[in-house]
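So the chains spell out like this:
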Amino acid sequence: DEQREQHRIQQTEAKCNQVIEAVYPIYKQINITNLLSPYTEEDRETMKAFIDSKRAICHKAIVDGTKAEDVDFSNEP
């Protein structure tokens, strides 16, 4: 039903955020985005690629109907 589907989507997005924030807590995202010392443009690009890759996994899981607990966010080579 619709409520169950909304709950699955919210759980998947929450799991994605946890994965991202484990590596890039919000304060660190802000520091890197604003290029505060010692962060560089390269750090910003690396962070952006990481976050974009995790979001892509999240969006695919949502579209595919994957349960949050079954989503594999470890797309590292």
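Just above sits the structure.
Residues numbered from 1 in each chain as written. Predicted model: local features only at pLDDT ≥ 70, side-chain atom pairs only at ≥ 80, totals over all residues. Heavy atoms only, no water.

Enquirer: Looking at this structure, I do not really get the packing of helix α2 (residues 26–33) against helix α3 (residues 41–64). What am I missing?
Expert: Two packed helices can be described by the angle between their axes and the distance between those axes. Where α2 contacts α3, the axes come no closer than 9 Å and their chain directions differ by 135 degrees. Between α2 and α3, the angle is such that the two are oblique. Relative to α3, α2 is oriented so that their crossing is left-handed. Taking contact as the criterion, the partners of Q29, I32 and T33 in α2 are, on α3, D43, R44, M47 and I51. In terms of residue class, the contact of α2 with α3 is built from three nonpolar, two polar and two charged. (Axes fitted to C-alpha atoms, helices over the stretch in contact; angles between N-to-C directions. Helix = DSSP H or I, 4+ residues; strand = E, 2+ residues; numbered from the N terminus. Parallel < 35°, antiparallel > 145°, perpendicular 65-115°, else oblique. Left-handed = near helix turned anticlockwise from the far one by under 90°. Contact = heavy atoms within 4.5 Å. Nonpolar A, V, L, I, M, F, W, Y, C, P; charged D, E, K, R; others polar.)

Enquirer: Whenever I open this one, the nonpolar core confuses me. Can you help?
Expert: Counting 14 residues, the largest nonpolar core has C16, Y24, M47, I51, C58, V71 and F73 as the members making the most contacts within it. Taken together, the elements giving at least two residues each to this core come down to α1 (2–23) and α3. Top contributing element to this core by residue count: α3, with seven residues. (Core = buried A, V, L, I, M, F, W, Y, C linked by side-chain atoms within 4.5 Å. Buried < 20%, exposed > 50% of the residue type's maximum accessible area, 1.4 Å probe, protein only.)

Enquirer: Explanation requested: the pattern of salt bridges in the structure shown.
Expert: Pairing between side chains of opposite charge can happen when their charged atoms approach one another. According to the stated counting rule, one finds four salt bridges in the structure shown. Here R8 and E5 are joined by a salt bridge, their closest N and O atoms 2.6 Å apart. Taken together, the residues R8 and E5, both in helix α1 and three residues apart, mark about one turn of the helix. R8 sits in the buried class, given a relative accessible area of 8%. The salt bridge partner of D52 is K48, with a shortest N-O separation of 2.9 Å. Of this pair, D52 and K48 both sit in helix α3, four residues apart, which is roughly one turn of the helix. (Salt bridge = Lys/Arg side-chain N within 4 Å of Asp/Glu carboxyl O.)

Enquirer: Sorry if this is basic, but what is going on with unusual backbone geometry here?
Expert: Only a minority of non-glycine residues have a phi that is not negative, and only a minority of peptide bonds are not trans. That bond from S37 to P38 is cis: its omega, 10 degrees, falls within 30 degrees of zero. Tracing the chain through its elements places P38 in the loop between α2 and α3. The phi angle at L35 is positive, at roughly 55 degrees, despite the residue not being glycine. Position of L35 relative to the elements: it lies in the loop between α2 and α3.

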